[in-house]
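# Fold and contact review
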Amino acid sequence: MKEQITLALTKGSRALVPSLSLLADIGVEPLEDISSSRKLVFPTNQENLRLMILRGMDVATYVEHGIADLGMAGNDVLLEHGGGGYYEPLDLGILKCQVMVAGLADEGVLPPRLRIATKFVNIAKRYYAEKGAQVDIIKLYGAMELAPVTGLAHRIVDIVETGDTLKANGLVPMDFIVDISTRLIVNKISLKTRFAELQPLIEALEKATS
Ligand code: PRP
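The residue numbering used here restarts from 1 in each chain and proceeds along that chain's sequence as written. The model is predicted, so local features are restricted to residues of pLDDT at least 70 and side-chain atom pairs to those at 80 or more, both for listing and for counting; the totals for chains, interfaces and linings are taken over all residues. Side-chain figures throughout are based on the complete set of non-hydrogen atoms in the structure, without hydrogens or water.

### Examining the domain arrangement of the protein
- Where each domain starts and ends follows an automatic or database-derived domain assignment. The domain boundaries assigned to the protein delineate domain 1 (5-95 + 181-209) and domain 2 (97-178).
- On a C-alpha basis, the centres of domain 1 and domain 2 stand 30 Å from each other.
- The contact definition used throughout considers only heavy atoms, calling two residues in contact when any of these lie within 4.5 Å. Taken together, the contact between domain 1 and domain 2 spans 6 residues of the former and 11 residues of the latter.
- Across the domain 1 to domain 2 interface the summed buried area is about 710 Å²; carbon plus sulfur atoms make up 46%.
- Summed over the three residues of domain 1 that lose the most area to domain 2, namely Asp76, Leu79 and Glu80, the buried surface amounts to 70% of that side. Put simply, buried area is how much 1.4 Å-probe accessible surface two parts lose in total, over both of them, once they are put together.

### As for the nonpolar core
- Leu70 and Leu184 are the most contacted members of the largest nonpolar core, which totals 23 residues.
- In DSSP terms, a helix is any run of H or I states spanning at least four residues, a strand is any run of E spanning at least two, and both are numbered starting from the N terminus. Those elements giving two or more residues to this core turn out to be strand E1 (5-10), helix H1 (13-25), strand E3 (49-54), strand E4 (70-74), strand E11 (182-187) and helix H8 (195-209).
- In terms of residues, this core owes the most to one element, H8, which gives 4 residues.
- Apart from residues lying up to four places away in sequence, Leu70 is in contact with Ile5, Thr6, Leu7, Ala8, Val63, Leu184, Ile185, Val186, Leu198, Leu201 and Ile202. To form a nonpolar core, buried Ala, Val, Leu, Ile, Met, Phe, Trp, Tyr and Cys residues must be joined to one another through side-chain atoms within 4.5 Å. Per-residue accessibility, obtained with a 1.4 Å probe over protein chains only, is compared with the maximum for each type, and a residue is labelled buried under 20%, exposed over 50%, and partly exposed between these values.

### What to know about the site of the ligand
- We call a residue near a given molecule or strand whenever any one of its heavy atoms falls within 4 Å of it. Taken together, 13 residues lie around the ligand, and Lys119, Glu161, Thr162, Gly163 and Thr165 are the ones closest in.
- A distance of 2.8 Å separates an oxygen atom of the ligand from a polar backbone atom of Glu161.
- Polar contacts here mean pairs of N or O atoms no more than 3.5 Å apart (in protein, one a potential hydrogen donor and the other a potential acceptor; neighbouring residues in sequence count only if both atoms are side-chain atoms). Here Gly163 contributes a backbone N or O atom positioned 2.7 Å from an oxygen atom of the ligand.
- Protein coverage of the free-state accessible area of the ligand, which is 500 Å², stands at 70%. Only the protein chains shown count as cover for residues, with accessible areas throughout obtained via the Shrake-Rupley method and a probe of 1.4 Å.

This is the structure:
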């Protein structure tokens, strides 16, 4: 049998549910319930297509190295990953949010050199470098909102969707950095060598999202 096309999806219900719903729109269904399984690779009703469920950063890495031919990941992850080896042909228009700078509503007088907590170290570094501001970046892996509240950092660079998490923690959005949505990425070599198989899938996704 010919090797299947591999499409890597971002794990976690927030990303997975809309990605699977988009795939269902184009007639692609996993053969078992991904959310209740510990497996990482799933066959689909399309004989030549399998799904791989990974962390967003790893979606980019697997597609970069051609292990996955295609991937769906947020451009926050892609900007942070900074890797090459793939094209980004489609904005899938799902999971829309923004990367913002946020801080305490009553932050008072701040020192000239701010401490910024974020999991988006590269995005934050680029943003402050472009502004010409000297800052110290503190890498966190989650619960960024706690950093200004506890004094670990003065501000955060994080995803804001509804703004509810900021509000619930006494923070306010301050500066917009970039709009985020889920993107389709395609390994450059796969697109050349497996064009006939990949093109119909890419076209179907394009139609379903336009
Ligand atoms: C993101 C982000 C915020 C929250 C923003 O966290 O880090 O905490 O969502 O959403 P809101 O504006 O709608 O409140 P996520 O749930 O993705 O978890 P994690 O970043 O801690 O992994």
